[in-house]
Amino acid sequence: MEISTRMRPGEWTEESLSQLVAAYREELLGMGAAPGEIDVVTDRDEGGGVSVVATWTKADVADGQVPGDAPG
């Protein structure tokens, strides 16, 4: 599961960026993610824009298992 957005210069502040990151974390937690399964990457570009990508890597997928597949 991934949630992402890109904002242009002037569309965000440090405070609104922090709120967005917190909201993405809360949304993924509400969907059942464990805190350790959430990764948030914030990338600022040279022009003043920012992109935020919040990823929930489920433990079974991270372990190489596809959900619904039986081991072995």
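See the structure shown above.
We now turn to the structure provided with this report. Counting from 1, residues in each chain are numbered in the order their sequence is written. Reporting in this predicted model follows two pLDDT cut-offs: at least 70 for local features of residues, and 80 or more for side-chain atom pairs to be given and counted; totals over whole chains, interfaces and linings ignore these cut-offs and use all residues. Remark: hydrogens and water are excluded; side-chain values derive from all non-hydrogen atoms of the structure.

### As for the overall build of the protein chain
Piece 1. Tallying secondary structure elements over the protein chain gives 2 helices and 3 strands in all.
Piece 2. Put simply, the protein chain runs from its N terminus to its C terminus through helices and strands in the order β-α-β-β-α.
Piece 3. Exposure categories follow from relative accessible area, calculated using a 1.4 Å probe and restricted to protein chains: below 20% of the type maximum is buried, above 50% is exposed, and the middle band is partly exposed. For the protein chain, the residues scored as buried account for 25% of the 72 residues in total.
Piece 4. In these tables, accessible area is a Shrake-Rupley quantity obtained with a 1.4 Å probe, and a residue counts as shielded only by the protein chains included in the view. For the protein chain, the exposed area adds up to about 4900 Å²; of that, 50% sits on carbon and sulfur atoms. Numbering of helices and strands runs from the N terminus, with a helix taken as a DSSP run of H or I at least four residues long and a strand as a DSSP run of E at least two residues long.

### Side note on the packing of aromatic side chains
Piece 1. The rule is short: rings of Phe, Tyr and Trp, with Trp giving its six-membered ring, pair when the centres are within 6.5 Å, and they are stacked under 30 degrees, edge-to-face over 60, tilted in between. This structure, assessed with the given rule, holds 0 aromatic pairs.
Piece 2. Note on geometry: a ring has a charge over it if NZ (lysine) or CZ (arginine) is within 6 Å of the ring centre and within 35 degrees of the ring normal. The ring of Trp 56 is capped by Lys 58, whose NZ or CZ atom sits 4.9 Å from the centre of that ring.

By themselves these figures say nothing about function.
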